[in-house]
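# Architecture and fold: a report
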Protein chains: 2
Amino acid sequence: MEYQEAKEKFISTWGSLGTLWGINKAMAQIQSLLFISTKALSMEEIMDELKISRGNTSMNLRQLMDWGIVTKELIPGERKEFFTTEKDVQELARHIAKERSRREIKPVIKILKDVSSIKDDGTAKTKELIKQTKALHDLAETADTMMNKIVNQEQNWITKSLLKLIK
Amino acid sequence: MEYQEAKEKFISTWGSLGTLWGINKAMAQIQSLLFISTKALSMEEIMDELKISRGNTSMNLRQLMDWGIVTKELIPGERKEFFTTEKDVQELARHIAKERSRREIKPVIKILKDVSSIKDDGTAKTKELIKQTKALHDLAETADTMMNKIVNQEQNWITKSLLKLIK
DNA sequence: ATAAACTTTCAATAATTATTGAAAGTTTAG
DNA sequence: CTAAACTTTCAATAATTATTGAAAGTTTAT
């Protein structure tokens, strides 16, 4: 496999994985393009490379910046803006986990808490709703906590020792 | 909050979370309905409760069965089929993690391996592609392994000790 | 065998989500 | 100040994905 083929394969695979996990294709592809680029890219370069429109590029770059995984880079003497992504996979995972937790998991945990706190009126169906949503609440909270802790850690020693422990 | 409101809130929240993570709404809602039901439900009951068509119900029930989280239950004397979901959250998480790993993560890991194994032609861009996809490969593999181990374990003691360790 | 009770399939349609492109907005250089 | 270089916005459109409903298929009871 040659460079060009490998590059295209990587970008398109990443795009499909994104889609599968609720992240739009263009967004995932822009990020992956930056991830393997040796230098910051301009909007023009991204558009050309991925064959997507200016508007699309602009909007998705913004979202990536909102997620904290892409940053603008100002190159002295250049009028246009250049973009880079976080290059360290650990940091990247940290950002993504943190954001998904904040935006998606935490709000659901809150609702599970509310729902599982309704008054027990003694009927079987109410008891079941309370029991099941409570179990889900606890699981979600545990998973969320673990996720964040693992991903936030000064990483290496702890992850490695964890891995050893559970392997 | 009354039973009915809590129930609707739970089902619709679960549906939206599903959507956000690439799972279709009807599928997530059917599962959540079964999850808080005190008994197995027929197709008719599911359709009525969620206001979805017969075809939609049938197809999504099938998918849920493919995922291994819903099973048919034959009730003696009844002609129609009844459905239940795995009621234990731990088991539920196990099934989902296992399937997503098998269907989505493992294939991507394979591609990352291929891409990161291309011949190093000495250029900076090839070196970067190799380095970055290799890092992603290692991260994905570690995360996948951890996930599966954690979720597969006889659970309680190990999860609890992990939590203590990283808290 | 056949009719009733039920489920599955799938082409048509609807709903949702992503993408375009051009107009409006902003910033910088002269 | 104003023109050029660039970015953002957003209504229109395209692409994708979900849903319907009715016909075809299957199973069971008689």
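Note on numbering: residues in each chain are counted from 1, in written sequence order. To label them, take the chains in the order written and letter them from A, then take the ligands in the order written and number them from 1. Owing to the predicted nature of the model, reporting of local features is limited to residues with pLDDT of at least 70; listing and counting of side-chain atom pairs is limited to 80 or more, with chain, interface and lining totals taken over all residues. Side-chain numbers come from the whole structure's heavy atoms, not from hydrogens or water.

In the nomenclature of an unreviewed UniProt entry, chain A is known as HTH-type transcriptional regulator of Jejuia spongiicola.

## Things to note about the interface of chain B and chain A
Stated precisely, the cut-off is as follows: Residue contacts follow a heavy-atom distance rule, with two residues in contact if any of their heavy atoms lie within 4.5 Å. The term buried area means the drop in 1.4 Å probe accessible area that two parts suffer when joined, counted for both and summed. What makes a salt bridge here is a side-chain nitrogen of Lys or Arg within 4 Å of a carboxyl oxygen of Asp or Glu, nothing more. In the analysis that follows, any N or O atom pair within 3.5 Å is treated as a polar contact, provided that within protein one partner can donate a hydrogen and the other can accept it, and provided that, for residues neighboring in sequence, both atoms belong to side chains. Helix and strand assignments come from DSSP, with helices taken as H or I runs of at least 4 residues and strands as E runs of at least 2, each series counted from the N terminus.
Each partner contributes residues to the interface: chain B has 52 residues there, and chain A has 52 residues. Interface of chain B and chain A: buried area, both sides summed, is about 5200 Å²; carbon and sulfur atoms make up 81% of it. Across the pair Glu128 of chain A and Lys87 of chain B runs a salt bridge whose closest N-O atoms are separated by 2.7 Å. The interface formed by chain B and chain A holds 10 residue pairs in polar contact (both at pLDDT 80 or more) in total. Of all the secondary structure elements, the ones that give two or more residues to the side of chain B that touches chain A are helix H1 (3-20), helix H5 (89-116), helix H6 (124-152) and helix H7 (156-166) of chain B. Per-element accounting of the side of chain B that touches chain A gives the leading share, 15 residues, to H6 of chain B.

## What about the sheet that holds strand S3 (residues 82-85) of chain A?
All names here are of chain A. Basically, it comes down to this: DSSP bridges decide pairing: two strands pair if at least two such bridges lie between them. Lines fitted to C-alpha atoms define the axes, with helix axes restricted to the stretch in contact, and inter-axis angles between N-to-C directions lie between 0 and 180 degrees.
With antiparallel pairing, 3 strands are arranged side by side in an open sheet as S1-S3-S2. Edge positions in the sheet fall to strand S1 (41-42) and strand S2 (70-73), since each of these pairs with one other strand and no more. Taken together, the 2 bridges between S1 and S3 define a ladder with antiparallel strand orientation. Bridge pairing links Ser42 to Phe82 in S3. Of the strands in this sheet, S2 and S3 are in contact with helix H4 (residues 54-66), which crosses S2 at around 110°.

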